[in-house]
Protein chains: 2
Amino acid sequence: MKLNQFGIRPTTLTEEINELQRIKFIDEESLDQAPNQLLRILLCKCFPETNTLDQQLNNLMATADQNAAQYLTGQQVSATAFYNLTFQLLGLEIEQDFNLATPLATKVQLHYPQFEHEYLNAQDLVHGWYQLLITHTIHGQTYLDELASRGYFVKIMQTETLPKPLFFNGKAQPVFDTTKLIHEVVYVESSQDTDHDQQRDLLKAEIIRPVETNQGLQVPALYTSSPYNQGTNDFAGEQLTHNVQTALHVKQPTDNTVQVASLHRLVPNPSSIQGEVHTATESFGNHFSYSLNDYFLARGFAVVYAAGIGTKDSDGLRTCGDPEETISTTAIIEWLNGSRTAFTNKTDCQQTRAWWCNHHIAMTGRSYLGTLAIAAATTGVAGLKTIIAEAAISSWYDYYREHGLVVAPGGFPGEDSDVLAEETFSRQKQAGDYLPIKNKWHQQLQTLTQQQDRLNGDYNNYWDQRNYRRQLHQIKADVILVHGLNDWNVKPKNVQKLWDGLRNLPITKKLILHQGPHIYINNNRSLDFNDMMNLWLSYKLYDLDNQAAQILPNVLIQDNTQAETWQVLNDWNNPKNPQTKFYLAGDQLLPAKTATKAPISLTDQLPTTQFQAYNHDLTSWQHDLTDLNNTNLTKQRLTFLAAKQAQPLVIDGRPQLNLRIACAQPIGMISARLVDYGDFQRLAKMPSMLDSQAYDQGYHYHKEDLKEYQLAQQTTPYQLISLSHLNLQNRTKLTQVEPIFPGKYYDLSFKLQPTHYQLAPGHQLGLIIYGTDFEMTIRPNQDLKYHLDLNHCTLNLPHL
Amino acid sequence: MKLNQFGIRPTTLTEEINELQRIKFIDEESLDQAPNQLLRILLCKCFPETNTLDQQLNNLMATADQNAAQYLTGQQVSATAFYNLTFQLLGLEIEQDFNLATPLATKVQLHYPQFEHEYLNAQDLVHGWYQLLITHTIHGQTYLDELASRGYFVKIMQTETLPKPLFFNGKAQPVFDTTKLIHEVVYVESSQDTDHDQQRDLLKAEIIRPVETNQGLQVPALYTSSPYNQGTNDFAGEQLTHNVQTALHVKQPTDNTVQVASLHRLVPNPSSIQGEVHTATESFGNHFSYSLNDYFLARGFAVVYAAGIGTKDSDGLRTCGDPEETISTTAIIEWLNGSRTAFTNKTDCQQTRAWWCNHHIAMTGRSYLGTLAIAAATTGVAGLKTIIAEAAISSWYDYYREHGLVVAPGGFPGEDSDVLAEETFSRQKQAGDYLPIKNKWHQQLQTLTQQQDRLNGDYNNYWDQRNYRRQLHQIKADVILVHGLNDWNVKPKNVQKLWDGLRNLPITKKLILHQGPHIYINNNRSLDFNDMMNLWLSYKLYDLDNQAAQILPNVLIQDNTQAETWQVLNDWNNPKNPQTKFYLAGDQLLPAKTATKAPISLTDQLPTTQFQAYNHDLTSWQHDLTDLNNTNLTKQRLTFLAAKQAQPLVIDGRPQLNLRIACAQPIGMISARLVDYGDFQRLAKMPSMLDSQAYDQGYHYHKEDLKEYQLAQQTTPYQLISLSHLNLQNRTKLTQVEPIFPGKYYDLSFKLQPTHYQLAPGHQLGLIIYGTDFEMTIRPNQDLKYHLDLNHCTLNLPHL
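Residues numbered from 1 in each chain as written. Chains lettered and ligands numbered in written order. Predicted model: local features only at pLDDT ≥ 70, side-chain atom pairs only at ≥ 80, totals over all residues. Heavy atoms only, no water.

Quick look at the overall build of chain A
Here is step 1 of the chain: Assigned secondary structure in chain A consists of 22 helices and 32 strands.
Here is step 2 of the chain: Relative to the globule expectation of 28 Å for 800 residues, the C-alpha radius of gyration of chain A, 29 Å, shows essentially globular dimensions.
Here is step 3 of the chain: Over its C-alpha atoms, taken along the principal directions, chain A stretches across nearly 90 × 75 × 45 Å.
Here is step 4 of the chain: In chain A, of all internal contacts separated by at least 6 residues, the share reaching a separation of at least 24 is 78%.
Here is step 5 of the chain: Summed over all atoms, the accessible surface of chain A reaches about 28,200 Å², with 48% contributed by carbon and sulfur.
Here is step 6 of the chain: With 63 positive and 82 negative side-chain charges, chain A shows a separation of 7 Å between the mean positions of the two kinds. (Helix = DSSP H or I, 4+ residues; strand = E, 2+ residues; numbered from the N terminus. Rg over C-alpha atoms; globule rule 2.2 N^0.38 Å. Contact = heavy atoms within 4.5 Å. Areas by Shrake-Rupley, 256 points an atom, 1.4 Å probe, with all protein chains shown as cover. Lys, Arg positive; Asp, Glu negative; His and termini not counted. Charge placed at Lys NZ, Arg CZ, Asp CG, Glu CD.)

Points about the relation of the copies chain B and chain A
Here is step 1 of the chain: Rotating chain B by 180° and translating it 0.0 Å along the rotation axis places it on chain A, where the RMSD comes to 0.0 Å. Here the symmetry operator amounts to a two-fold rotation axis. Of every C-alpha in chain B, the one belonging to B:T179 sits nearest the axis of rotation, 2.6 Å from it.
Here is step 2 of the chain: Of all interface residues in chain B, 100% are interface residues in chain A too; the two copies therefore contact each other through one and the same surface. (Least-squares fit on C-alpha atoms with pLDDT ≥ 70 in both.)

Section: the nonpolar core
Here is step 1 of the chain: Formed by 359 residues in total, the largest nonpolar core has its most connected members in A:W129, A:W356, B:W129 and B:W356.
Here is step 2 of the chain: In this structure B:W129 touches B:F25, B:L39, B:L42, B:L43, B:C46, B:F82, B:T86 and B:L89, once residues within four positions along its chain are discounted. (Core = buried A, V, L, I, M, F, W, Y, C linked by side-chain atoms within 4.5 Å. Buried < 20%, exposed > 50% of the residue type's maximum accessible area, 1.4 Å probe, protein only.)

Here we look at the UniProt feature "active site" (unreviewed entry) in chain A
All names here are of chain A.
Here is step 1 of the chain: Within the UniProt annotation, "active site" (unreviewed entry) is assigned to S367, D487 and H518. For the annotated residues, spread through 152 residues, the largest C-alpha to C-alpha distance comes to 10.5 Å, consistent with a single compact locus.
Here is step 2 of the chain: Mapped onto the fold, D487 is located in the loop between β14 (478–484) and α18 (493–502).
Here is step 3 of the chain: Once residues within four sequence positions are removed from consideration, D487 is found in contact with A391, P492, G516, P517 and H518.
Here is step 4 of the chain: Within the structure, D487 has its side chain in polar contact with the backbone nitrogen of N489 (distance 2.9 Å).
Here is step 5 of the chain: With respect to the helices, strands and loops of the structure, H518 is situated in the loop between β15 (509–514) and α19 (529–542).
Here is step 6 of the chain: In this structure H518 comes out as buried when scored by relative accessible area, which is 15%.
Here is step 7 of the chain: Setting aside chain neighbours within four positions, we find H518 in contact with R366, S367, A391, D487, N489 and V490. (UniProt positions renumbered as here; feature names shortened; annotations may be inferred. Polar contact = N/O pair within 3.5 Å; in protein donor to acceptor, adjacent residues only side chain to side chain.)

Considerations on the domain arrangement of chain A
All names here are of chain A.
Here is step 1 of the chain: Each assigned domain of chain A is listed with its residue range as follows: domain 1 (13–168), domain 2 (178–246 + 277–504) and domain 3 (579–798).
Here is step 2 of the chain: Distance between the C-alpha centres of domain 1 and domain 3: 52 Å.
Here is step 3 of the chain: On the side of domain 3, 7 residues touch domain 1, which itself brings 9 residues to the contact.
Here is step 4 of the chain: Both sides of the domain 1 and domain 3 interface together cover about 640 Å² of buried area, and 55% of this is carbon and sulfur.
Here is step 5 of the chain: Remark: the boundary between domain 1 and domain 3 carries 0 salt bridges.
Here is step 6 of the chain: Here domain 1 is connected to domain 3 by 3 residue pairs in polar contact (both at pLDDT 80 or more).
Here is step 7 of the chain: When grouped by side-chain class, the residues that make up the side of domain 1 that touches domain 3 number 3 nonpolar, 5 polar and 1 charged. (Domains from an automatic or database assignment. Buried area = accessible area lost by both parts, 1.4 Å probe. Salt bridge = Lys/Arg side-chain N within 4 Å of Asp/Glu carboxyl O. Nonpolar A, V, L, I, M, F, W, Y, C, P; charged D, E, K, R; others polar.)

Some points on the pattern of salt bridges
Here is step 1 of the chain: Summed over the entire model, instances satisfying the criterion amount to 72 salt bridges over all chains.
Here is step 2 of the chain: With a closest N to O distance of 3.3 Å, A:D177 and A:K180 form a salt bridge.
Here is step 3 of the chain: A salt bridge links B:R673 to B:E775; its shortest N-O distance comes to 2.8 Å. Of the two residues, B:R673 is situated in strand β24 (residues 669–683) and B:E775 in the loop between β30 (764–770) and β31 (785–788); the sequence distance between them amounts to 102 residues. Of the two residues examined, B:R673 and B:E775, each falls in the buried class.
Here is step 4 of the chain: Salt bridges here are not isolated pairs; linked through shared partners, they connect A:K204, A:E206, A:K312 and A:D313.

Details of the pairing of strand β11 (residues 384–390) of chain B
All names here are of chain B.
Here is step 1 of the chain: Within β11, 6 of the 7 residues are buried, leaving the element largely enclosed by the surrounding structure.
Here is step 2 of the chain: As paired strands, strand β10 (residues 357–366) and β11 are joined by 6 bridges and run parallel to one another. Note that in β11 the partner of R366 across the bridge is E390.
Here is step 3 of the chain: In this view, the connection linking β10 to its parallel neighbour β11 by way of helix α12 (residues 368–377) has right-handed handedness.
Here is step 4 of the chain: Judged from the 5 bridges that link them, β11 and strand β14 (residues 478–484) form a sheet pairing that is parallel. (Pairing = 2+ DSSP bridges. Right-handed = clockwise from strand over helix to strand, strands pointing away.)

So, the packing of aromatic side chains
Here is step 1 of the chain: For the structure shown, the criterion picks out 68 aromatic pairs over all chains.
Here is step 2 of the chain: Relative to A:F301, the ring of A:F296 has its centre 4.9 Å away and its plane inclined at 70°; by these criteria the two rings are edge-to-face.
Here is step 3 of the chain: Members of the aromatic cluster, joined through ring pairs, are A:Y228, A:Y368, A:W396, A:Y397, A:Y399, A:Y400, A:Y459, A:Y462 and A:W463.
Here is step 4 of the chain: We note A:R299 situated over the ring of A:Y295; from NZ or CZ to the ring centre the distance is 3.7 Å.
Here is step 5 of the chain: The cationic tip of B:R466 hangs over the ring face of B:Y462; the distance from NZ or CZ to the ring centre is 3.7 Å. (Phe/Tyr/Trp six-rings, centres within 6.5 Å; stacked < 30°, edge-to-face > 60°. Lys NZ or Arg CZ within 6 Å of the ring centre and 35° of its normal.)

Side note on the interface of chain B and chain A
Here is step 1 of the chain: Taken together, the 54 residues of chain B in the interface contact 54 residues of chain A.
Here is step 2 of the chain: Summed over both sides, the interface of chain B with chain A buries roughly 4,400 Å², with 46% coming from carbon and sulfur.
Here is step 3 of the chain: On the chain B side of the interface with chain A, the three residues burying the most area are B:N59, B:N286 and B:H700, jointly 15% of the side's total.
Here is step 4 of the chain: There are 4 salt bridges connecting chain B and chain A.

Observations regarding the layout of surface pockets
Residues and elements named next belong to chain B.
Here is step 1 of the chain: Its boundaries defined by the atoms lining it, the second largest pocket holds a volume of some 1,000 Å³.
Here is step 2 of the chain: Together, 44 residues line the second largest pocket, and Q622, K685, Y718, Q719 and L720 are the ones closest to its centre.
Here is step 3 of the chain: Elements supplying a minimum of two residues to the lining of the second largest pocket: α22 (618–626), β24, β27 (711–727) and β29 (755–759).
Here is step 4 of the chain: Per element, the largest residue contribution to the lining of the second largest pocket is 10 residues, and it comes from β24.
Here is step 5 of the chain: For the lining of the second largest pocket, a count of residues per class yields 17 nonpolar, 19 polar and 8 charged.
Here is step 6 of the chain: Both domain 2 (178–246 + 277–504) and domain 3 (579–798) contribute no fewer than three residues apiece to the lining of the second largest pocket. (1 Å grid on protein atoms, 1.4 Å probe; cavity = no way out; pocket = protein on both sides within 12 Å on 5 of 7 lines; lining within 4 Å. Points joined across faces, edges and corners; volume = space filled by probe spheres on them.)

Focus on the environment of A:G678
Residue and element names in this part refer to chain A.
Here is step 1 of the chain: Tracing the sequence through the fold places G678 in strand β24 (residues 669–680).
Here is step 2 of the chain: Considering only alpha carbons, one finds G678 and L765, 87 residues apart in sequence, at a separation of 9.0 Å.
Here is step 3 of the chain: Every residue in contact with G678, bar those within four places of it in the chain, is listed here: T716, P717 and Y718.

Section: the side chain of A:D789
Here is step 1 of the chain: Among the structural elements, A:D789 can be located in the loop between β31 (785–788) and β32 (794–798).
Here is step 2 of the chain: In contact with A:D789, other than residues within four places in its own chain, are A:R660 and A:Y745.

Considering the pairing of strand β23 (residues 656–663) of chain A
Residue and element names in this part refer to chain A.
Here is step 1 of the chain: A large share of β23 lies buried, amounting to 7 of its 8 residues.
Here is step 2 of the chain: With 3 bridges connecting them, β23 and β32 associate as antiparallel partners. Counted as the bridge partner of L657 is L795 from β32.
Here is step 3 of the chain: As defined by bridge partners, β23 adjoins strand β28 (residues 745–751) across 7 bridges and the pair is classed as antiparallel. Residue N658 lies in a different strand from β28, and its bridge partner there is S749.
Here is step 4 of the chain: Here β23 pairs with β31 via 3 bridges, running antiparallel.

Topic: helix α11 (residues 323–336) of chain B
Residue and element names in this part refer to chain B.
Here is step 1 of the chain: With 14 residues, α11 should cover 20 Å at 1.5 Å per step; its first-to-last C-alpha distance of 20 Å lies within 8% of that length.
Here is step 2 of the chain: Among the 14 residues that make up α11, 11 are buried, leaving the element largely enclosed by the rest of the structure.
Here is step 3 of the chain: Among all positions in α11, only E324, E325, T326, S328, T329, T330, A331, I332, I333, W335 and L336 are buried.
Here is step 4 of the chain: The opening residue of α11, the one whose side-chain oxygen lies 3.1 Å from the backbone nitrogen of E324, is D322.
Here is step 5 of the chain: Looking one or two residues past α11, G338 carries a phi angle of roughly 90°, positive in sign. (Expected span 1.5 Å × (residues − 1).)

Observations concerning the packing of helix α2 (residues 35–44) of chain A against helix α6 (residues 122–133) of chain A
All names here are of chain A.
Here is step 1 of the chain: Where α2 meets α6, the closest approach of the two axes is 9 Å, and the angle between their N-to-C directions is 20°. As summarised for this structure, α2 and α6 are arranged roughly parallel, according to the angle between their axes. The way α2 lies across α6 gives a crossing that is right-handed. Counting all contacts with α2, which are made through P35, L38, L39, L42 and L43, the residues of α6 involved are A122, L125, V126 and W129.
Here is step 2 of the chain: Residue classes in the contact of α2 with α6 are distributed as 9 nonpolar, no polar and no charged. (Axes fitted to C-alpha atoms, helices over the stretch in contact; angles between N-to-C directions. Parallel < 35°, antiparallel > 145°, perpendicular 65-115°, else oblique. Left-handed = near helix turned anticlockwise from the far one by under 90°.)

Now the structure itself:
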């Protein structure tokens, strides 16, 4: 077990004493106590649920022979006893996790203080106990968090006053009363009219704020913009999902698929304000909540959810990723920051202000939610101090298209931006609101469908408007990016291109890459994600001088070869990374050029039965494509295998494929997968549940399951590293369409999805070149043939 | 979508009016209103979160042309408008789920009132609205539950008083303040000394009770006895797990493997009580909770968790299923019922009473938790009014053994009662408590290991003591049993044998069988499980005269051929069920006897490589065994296939296999699986998530994911129906061991696990006879051969 912690703030003894006094763990006399007396005091603070402290001391072993009660009758306190006792408090078990004679021989990797002498004085004990409180227990939270979830702060506050917010080791503590959270709704008037009713769009915002704000405390706001949050139209979305069994089409050559366009926005006048009320008049009941937000609600942050234009109870129409959606996203921030009007309801024009907010706002969320955080950040909107964008889209083209091709998010073939607009258009859920705008909406939907242009797959104006990276230079907020290196839904190119663009911006930026797919990681045991975010948000939103920007690693990447291991790095996909070149030869990837070879061929057509079977069974297709022993797709793929790795190779960045290729038709699409081959134990695809409901957000409050990526019990023969797809008409430049002359060889280069992947010794790198990708591309099943001149085909691998 | 409801209490209009007044939905003047005025009042009650009722009325369509606001300007209210409005309130969507012109043409199957005339009067509207409130929304809860989770009751209670508990349609409503639940701990003194320290065992009980009990309200208690609840020793359990690659052994013949034994119990005197305090002095923080219990906490029930002897903070040693464990289970009930002492801690002998409890206790829980509910019920302990036992063990022999063989719970090969005892011996988690009793515990563990007797697998005294059905006649509590027909962990024989034993007992008993594995079903959308349990517990624990015993179906079984379908039946596995006989012939199951055939043979030995591969890949073994086209186990299995079903056949009960068989060795074990063959869409193995966090237990309180068993998207070639395993030395009687003379043919009969399974037309029944079951039995891989005389081999299928 490895309990990695990256969110620990280094402290001096003086700071530790002050902070321990602040949380009432010790008082001013504590340091004058004899070590055994002080140890008793410290131990007794660790059982807030009971008065039977003798019983608790009996339950803990101090040495191999004495329990804590017996040990405390002596004067001295040894470092060994300290480790024994604190390890038990952290949940480590004797015999299994450590032994009482030599506790530091434990195989559990955890944070603990070093002592220079065996017998501890009062200062050592205070220092040691401070370190105990900030150390993670076996449930992946600090021991102080565990004490809090067992009632430590609640008990203190029965007799004493604690500051609110209360910081410990630079992180806000759960001292806010989560049983009395205030839930209220406002309607923010946005400077837009997306449903063209000559009225500015009113946007519903749901606020959860600590009751302590009613006594004058101003708190920061964590704002999550989630178009899903008011419900989704799954059935309508399914109906609209596009057929992917469609032909690849000859595109008209053009030098530039993007035209200069000016955006005409007609914005009606604001409503005239009829009055002002202090607090909102509408409330809300149960709702979907993001557990990271819940965690902060207990710690003195407000949380705001808004779904944006075209969602239930708001005005407007969905646009899926365009600037209007961004405007609706930042409108909420402007209200929180005091520069925009919100009303208590949609009719009475009574304004209400976010007087409870300290004008420090962060955005949080995963997928579309994180995407809108990026969208807002690229406007430079005032008040937005930071975003924590997880698995987020930075350009919608990189979500629904690739290199001039329609390429679906993995698992959702046929989905497109119009489908997502329809799915999130939750105004449809209220018939009285929907029917009057139904025709307008269908018109808008048709426009989306037409402009997204599935026929060509080009990067056109529609997609350019949906590329947040165009305004990247406007970003003022500091940025934390989190992404799964195996996220084939929002593919890693989204985070990499954003990261590349941020590299030289004068903001603080941090990157966390995990080995999972499209999931949250904040309940992962081996990483103190919540602590890091707490350190960060206490710094950014409460202006706490906790050195968060220096303490948090710039880049943190989960190791793919062993469980519970996270690497601290300075950068990812750095352009200065060295490159290794492989030459494609026969069915091999070779380190050097070999004798001239005849061209080899590849077809993209399948017998109808096989084609139909794959349409309904993507797992079989993926297996047949990747398994080198399988012969079902022999003609439809070219495979190249490198020698077994002698040394570890850490691929870091975007592999580049350079091909000399000819098509038999005036059209062509090429896919490539980079695969790690060899029968080895690898990390499981999904984290497994370690302990149900074991991860606490506060005292008798929300709980989460504790999870961890473990090594799979059984070996697997291969694992996907990266992939890419290309329309051969876009071989030179994304925005350029060229003709293909059948039989003519073209030289082209394209980059695969970025990765950070260690090929361990014994593993073999494999490359598969093929046409139709049943998981992602359209499935033309046309009579397409390709010839590769292997004398001019190479693979460049950037690595560390 | 089918929103089935079985927990609805039929009501008269007078009752409906009274109940609506009780929850302040209408007042005494309501019935005097004009229909449109009354409809406005009723509609306005449905938006507790806001005052902007006009807005809400605009959002609802009453007819194809008019929204509710417009419609209410007219005098009349049509049934069509009523259905349109209430369907929208329930979450149905126009176009997708129904149309405004003919709402009752909806494909959504839901509960709605019938009206005899198109235009509704005030009485119709009141009746209709009452029915709306008890109808399930698309989130699988009553509309009143949804209103409650949106703040309905909280808003009422801001200005008016509501009775607590508050019943509506015979079910307790969430009017209790879940933000102020009281958490306290007591230590119950049990009449036992399982750790032989000459002190009675003190057992920790964790209590959660509504704060309203402090004002004099006495509430019932839901008691969940969970040995897992104080933590588990997973690592130690794994270490102890038995090797299943072990030889089958020649057993000594005996007429009876059970001896008459008397249980000597020496119980020390009780502690002398030093005083009494009103309330407990110890509290507890976050803990694992069962969502059904949480649901009832909001509705005026207390919840008690206890882990029993040998668990953290309690005394004693684990025994896994024996009478001592049962005594520790009922001790908590006796305290709740006022007849046993509990102390505030383990040292001070200050007693405290359950004065807040109305002496009406129910037990809840799944697996081991439900097992202990059965254990307690079979003692007839006073105060225990009912148990809701889900996926529970009724005899530990039927969990760890079968027909004289060691047979593991599916998925846990090598687990046994000693392993489970070790896993749940959470005293080990407190070193100071554990080390002094370590030797005693290891001794006890050795005794368990020896007495469970993996060598012979016999039903001996050890298992007889762990067979709760021996005392079945003592049951006084009414019993609700819930089990998955595909639960290969706690196999269905456990619930069937208990059900058979209850059939003629003078208690109320109900049975719910679902098509899932070893899981909870209370967040399933198509079944109103929580409503049914609410009706039941309001009746049993609050003595509410709500006819629950008559209303709830005696037997409710989920259909395996279509989603969201539950059959109401009167019995299951009724001995009077007709039987169909199949004759084994060649590779066929035939309806009539055919010409004489030569014996056929079967071996149980595998080449080492294949054997080792299966040891590490149970999925492949299961596939190779079951797939009729696969030839990897041709010599190790005999398969028999019936003709395609022309008519549906509903198997109900325990298939019986009658064999004439000879062994080549003096030992033998035979396994059998009954399989449904044919490429068809079947129910998915696990329910899928419909909506995250959508199932509410109260107002801003716990939430669950909403789930449902759906038809799998893809067809599957087969599905397991039932199975069994037999040691041929136990061919005559479970408790009798006979010799096997090699080469001699024996006639024997044994029953497979009970089921309720519809073989639909086109499906084919298959039977597989084999030796080693890699998923469950030991894996001897010995040179065992069997010969079957097919002229005397038949299969009897009980059916409806």
